Amino acid sequence: MSPEGKRLLNIVVLGFGFMFMFTAFQTCGNIEQTVIKSFNNTEFHGSGYTSMAIIYGVFSASNLIAPSVVTVIGPQLSMFFSGLLYSGYIAMFIYPYTWSFYTASVLVGIGAAVLWTAQGNVLAINSTDNTIGRNSGIFWALLQFSLFFGNLYIYCAWHGHVHITDKDRQTVFISLTVISLVGCFLFFLIRKPDPEPVAPSEQSQSLLQAESSESFSTASSPDVGLCSQALDAFVRACKMFGTREMLLLSLSIAYTGLELTFYSGVYGTCIGAMTRFGQDAKSLIGISGICIGVGEILGGGVFGMLNKCSRFGRNPVVLLGLVTHYVAFYLIFLNIASDAPIAPEPGTDLQAYITPSVGVALLCSFLLGFGDSCFNTQLLSIIGFTFRDNSAPAFAVFKFIQSIMAALAFFYSNYLLLHWQLLILVLMGFLGCVTFFLAEWKAESRRRESDYDSI
C-alpha cells in the first residue's frame, strides 16, 4: 500500500473508532437523566446535569496536561486508555452507585482531554496541506454517524416508555459498553505512517514529517527523559495561548463550544418542553438528534471528504455555516417559546410568534448540525495546517477553549430565557466568523510564502 493510502486508511480507522465509542457514549448521555429518574435504588442520588458539569470542567482543566500524556505514551495508547475510561463510565450504569458515578465523571473528563488531543495529533501526522481538509471531513462525517445511530436507538427503544426497569437498563448499558470497547480496540489498527518521498521543491507541502516519526513512540531519544518531554509539551501548550494565530481562532473555537451546548442539550430540552407539539414531544428529542446527525454528516462529507471548496479557501465554508446557523436561530426564535429551556417537567403551554411546527423544529435541528460541521471541519483543517509542528498542544488548546465555553453555556442555560441564549450565539458567531477570516488570510499568506520559497 502506498504511503498516502496508508494515511487515508488510518483516518478511516480513526473515524470508525470514534464512531463506535461515541455511539455508545452519546446515547448514554442522552438517556442517563431519564434512566436515573427510573432507578429503583433509593440510595442513588446522582444527577446527569451535575455529571456533565463535572465532565466539562475536568475536561477543560485536563487539556493543559493532555499534550504531556500524548508525548510520553504516544497517541495510539492515549486513545486506547482514554476509551477505556469512557467504557467504564458507561458500564457504571449497570450497577450504579453515587460515588462511582461522580468518580467516573471525573475520569471521563481527564480521558476526554487526552483522547481529543491524541485524535488531533493522529489527524495531523496523517495529512498534508492538500489532504488535511479532506481528512478532517472524513473523520468528522464518520464521527457524526454516532449521532444518527444513537438517537435512532433512543427513538426506537424508549418510544412510549414511561418507566425503565432494572433489567432494561442493564441490557442497554451492557450493549453500549461492548460497542464502546469495540471502538477502543479499533485504535490498534492505526499504523505509523510512512514518510512519503517528495521532491525538495515540494517538501513544504508535507505536514509534520518529523513529528510523525516520533509520535507513535514513547520517547524521541534515549537522552531525553520522559519528564523532560512531558514538561516540554506542557510549556508548549501554555505558550500556544499567546500566539497571534490561536488568539484569532479562539473566538471561533469559543463559539463552537457555545453552540455545542445549545444543539446537544438546550435545543432538545426545548423541543421536549413544547406541549403544543403534542404527546410525543419527548420522543421528538430522538428525531431531532437524528436530524442534527444528518446535517453533521452531510456537512462533513461535502466540505471535507469531497473537498470541493479547497480552491476558494476555508472562509466560504465558515460563512455558509454562520448563515445556516442564523437562519436556524431566527426560526427557533419564532417557533419555540422563550421559557422552554427552563420550563418545569410538565413543559410549557406558551406560544412563540408562530404556531409551533414540528417540521420547522426538525428543520432547525438539521441546520444546526450542518452549520456546526462547517465550523468544526474548517477549524480542524486550519489548526492542523497552522500548527503543523505543534499539533498536540494546539489541539489541546482547541479543546480547552471549546470545553470551558461549553461548561459556561451549560451553566447559564439553567437561568436564561431562549431569546437571550440565541442573542449570545448570534453575537459570538459573528465575532468568531470575522476572526476566523483573519486567521485564514494569515494562513493563506504563509502558504503562498512557503510555495514561493520552495521555487
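The model shown is predicted, which means the values in this text are computed figures rather than measured ones.

The next point concerns the packing of aromatic side chains. Enumeration over the complete set of coordinates arrives at 27 aromatic pairs. Judged by centre distance (5.4 Å) and plane angle (65°), the rings of Phe 80 and Phe 81 are edge-to-face. Overall, Phe 80 belongs to the buried group, its relative accessible area being 10%. The structure contains a cluster of three or more aromatic residues connected by ring pairs, namely Phe 18, Phe 22, Phe 25, Tyr 86, Tyr 89, Phe 93, Phe 101, Tyr 102, Trp 116, Phe 139, Phe 173 and Phe 187. Its guanidinium or amino end placed over the ring of Trp 116, Lys 399 lies 4.1 Å from that ring's centre, counting from NZ or CZ.

Next up on the list: the confidence of the model for the protein. Averaged over every residue, the pLDDT of the protein is 79; the share at 70 or more is 80%. Every residue in residues 217-224 scores below 50 in pLDDT, and together they form twelve contacts with partners more than four places removed in sequence or on other chains.

What follows covers the side chain of Ser 288. Within the fold, Ser 288 resides in helix H11 (residues 284-305). A polar contact of 2.7 Å, which involves the side chain of Ser 288, links it to the side chain of Ser 365. With residues near it in sequence (within four places) discarded, Ser 288 still touches Tyr 267, Ile 271, Leu 362 and Ser 365.

Another point: the pattern of salt bridges. Considering all chains together, one arrives at two salt bridges under this definition. Note that Arg 134 is salt-bridged to Glu 4, the shortest N-O span being 2.9 Å. Remark: Glu 4 occurs in helix H1 (residues 3-37) and Arg 134 occurs in helix H6 (residues 132-158); sequence separation between them is 130 residues.

Looking at the secondary structure, you find Phe 139 in helix H6. Note on Phe 139: relative accessible area 0%, which makes it buried. For the pair formed by Phe 139 and Met 19, sequence separation is 120 residues and the distance between their alpha carbons is 9.1 Å. Contacts of Phe 139, omitting those with residues within four sequence positions, involve Ile 11, Leu 14, Gly 15, Phe 18, Trp 116 and Gln 119.

Criteria and cut-off values
- Residues numbered from 1 in each chain as written.
- Predicted model: local features only at pLDDT ≥ 70, side-chain atom pairs only at ≥ 80, totals over all residues.
- Heavy atoms only, no water.
- Phe/Tyr/Trp six-rings, centres within 6.5 Å; stacked < 30°, edge-to-face > 60°.
- Buried < 20%, exposed > 50% of the residue type's maximum accessible area, 1.4 Å probe, protein only.
- Lys NZ or Arg CZ within 6 Å of the ring centre and 35° of its normal.
- pLDDT = per-residue confidence, 0-100.
- Contact = heavy atoms within 4.5 Å.
- Helix = DSSP H or I, 4+ residues; strand = E, 2+ residues; numbered from the N terminus.
- Polar contact = N/O pair within 3.5 Å; in protein donor to acceptor, adjacent residues only side chain to side chain.
- Salt bridge = Lys/Arg side-chain N within 4 Å of Asp/Glu carboxyl O.

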